[in-house]
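# Residue-level structural notes
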Amino acid sequence: MGINILYGTSQPALLDACVVRIEEACRQWPDRRAMLLVPEQTKAEAERVYFDRTGRSGILLAEVLSFSRLAWRVQGEIGGLSRACVDPVGKSILLHALLKEHRATLLALAASAGRPGFAPQVGQVLGDLRRHGVRPGPLREASGEAMGDDRAFAGKTADLAFLMERYDARMAELGLYDREDDLWRLAETLENLRASLARQRSSGGTLAWPMSRAGFLADTDVWVTGFAQTREFTPQEQAVLAGLAGVCGQVTVTVCADAVPGDTVAVTSGPDAFRIG
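Residues numbered from 1 in each chain as written. Predicted model: local features only at pLDDT ≥ 70, side-chain atom pairs only at ≥ 80, totals over all residues. Heavy atoms only, no water.

So, on to the packing of helix α5 (residues 118-131) against helix α7 (residues 151-174). Running from N to C, α5 and α7 cross one another at 85°; their axes reach a closest spacing of 11 Å. Looking at the two axes, α5 sits roughly perpendicular to α7. Counting all contacts with α5, which are made through Val 122, Val 125, Leu 126, Leu 129 and Arg 130, the residues of α7 involved are Leu 160, Leu 163, Met 164, Tyr 167 and Asp 168. Classifying every residue of the contact of α5 with α7 gives eight nonpolar, no polar and two charged. (Axes fitted to C-alpha atoms, helices over the stretch in contact; angles between N-to-C directions. Helix = DSSP H or I, 4+ residues; strand = E, 2+ residues; numbered from the N terminus. Parallel < 35°, antiparallel > 145°, perpendicular 65-115°, else oblique. Contact = heavy atoms within 4.5 Å. Nonpolar A, V, L, I, M, F, W, Y, C, P; charged D, E, K, R; others polar.)

Within this structure, the stated rule accounts for 22 salt bridges. Here Arg 170 and Glu 173 are joined by a salt bridge, their closest N and O atoms 3.6 Å apart. Separated by three residues within a single helix, Arg 170 and Glu 173 lie in helix α7, roughly one turn from each other. A relative accessible area of 21% places Arg 170 in the partly exposed class. Put simply, Asp 182 and Arg 179 hold a salt bridge, and the shortest N to O gap is 2.5 Å. Of the residues examined, Arg 179 reaches a relative accessible area of 40% and is grouped as partly exposed. Here the salt bridges do not stand alone but share partners, grouping Glu 63, Arg 73, Glu 77 and Arg 213 into one network. (Salt bridge = Lys/Arg side-chain N within 4 Å of Asp/Glu carboxyl O. Buried < 20%, exposed > 50% of the residue type's maximum accessible area, 1.4 Å probe, protein only.)

Examined against the element boundaries, Thr 189 turns out to sit in helix α8 (residues 182-203). Of the residues examined, Thr 189 reaches a relative accessible area of 7% and is grouped as buried. The contact partners of Thr 189, leaving out residues within four places of it in the chain, are Val 74, Gln 75, Ile 78 and Met 211.

Scanning all chains against the criterion turns up four aromatic pairs. Measuring from centroid to centroid gives 5.3 Å for Phe 67 and Phe 227, while their planes differ by 70°, and the two rings are edge-to-face. On the criterion of sequence distance, the pair formed by Phe 67 in helix α3 (residues 67-77) and Phe 227 in the loop between β6 (220-224) and α9 (235-247) is long-range, its members being 160 residues apart. Across the pair, Phe 227 and Phe 67 agree in class, each one buried. Of the residues examined, Phe 227 reaches a relative accessible area of 6% and is grouped as buried. A connected cluster of aromatic rings, assembled from ring pairs, spans Phe 67, Phe 227 and Phe 233. (Phe/Tyr/Trp six-rings, centres within 6.5 Å; stacked < 30°, edge-to-face > 60°.)

This brings us to unusual backbone geometry. In this structure, Pro 210 follows Trp 209 across a cis peptide bond, with omega equal to 10°. Following the sequence through the fold, Pro 210 ends up in the loop between α8 and β6.

Moving on, we get to the nonpolar core. Counting residues in each nonpolar core, the largest one holds 31 residues, and the members touching the most others are Leu 70, Leu 217, Val 240 and Leu 244. Mapped by element, the contributors of at least two residues to this core are β2 (33-37), α3, α8, β6, α9 and β7 (250-256). Of the residues forming this core, the biggest block, six residues, is contributed by α8. Ignoring sequence-local partners within four residues, the contact set of Val 240 consists of Phe 67, Leu 70, Leu 183, Leu 186, Ala 187 and Leu 190. If you look at the next biggest cluster of nonpolar residues, it comprises 22 residues, including Val 86, Ala 113, Leu 126 and Leu 163. (Core = buried A, V, L, I, M, F, W, Y, C linked by side-chain atoms within 4.5 Å.)

Note that every value here comes from positions in space, so none of it alone points to a role or purpose.
Structure follows, in structure tokens:
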């Protein structure tokens, strides 16, 4: 277990290398599964490359997935999709109601609370904060630290912390969940699966339901490619990668670089090895 690094200067070449290794693994271990994780917007292209390189007409034990699709796949196996999720329109309606209900409490956002289109904007900001693991506590700390120097920033961060808490409470009352939490839920599931597998190995028993439905991940090799070119991994995705590394047989992440730390070429070449171009 752990994460392996596969690096090179061409992203298409890295994708080809992943497909070749997946095909070799499927041929050598036909009973094992393989997953290729790619950004959502490149999933169709990655599938096309897989079909072109392998000559296959379909995908059986090898899958091309995005992080969100992997979350849906695993949560569906363990029954984690039973709760209803709120769609963007429903989220905007909830936030609009909260802005109207607590307008007198808001410090900086009260003036815009009734403006058309403002609730979706707040939803986008709260979504970004959720994806990066920012919770109300740190927001309030940042607000307190900025109060003396930047009252506008302090007021906005305090309002966002307040709205995040009210939004979470309202979602809990309604029995709904936010799709922005899908990857956090996946990371939690992977950690629970890791602990279950450890207990199984020590006791010699079998995995209990529902973790038994996700036990196939222990016999799965994962390749991750296409990231870190236009953006870095989000904290959600990093948590999922750590979870996969603790459960799956092998996790390989591709990096567009001339060298990586620990490579003897990088050590002998020095900082020049890490310069772009």
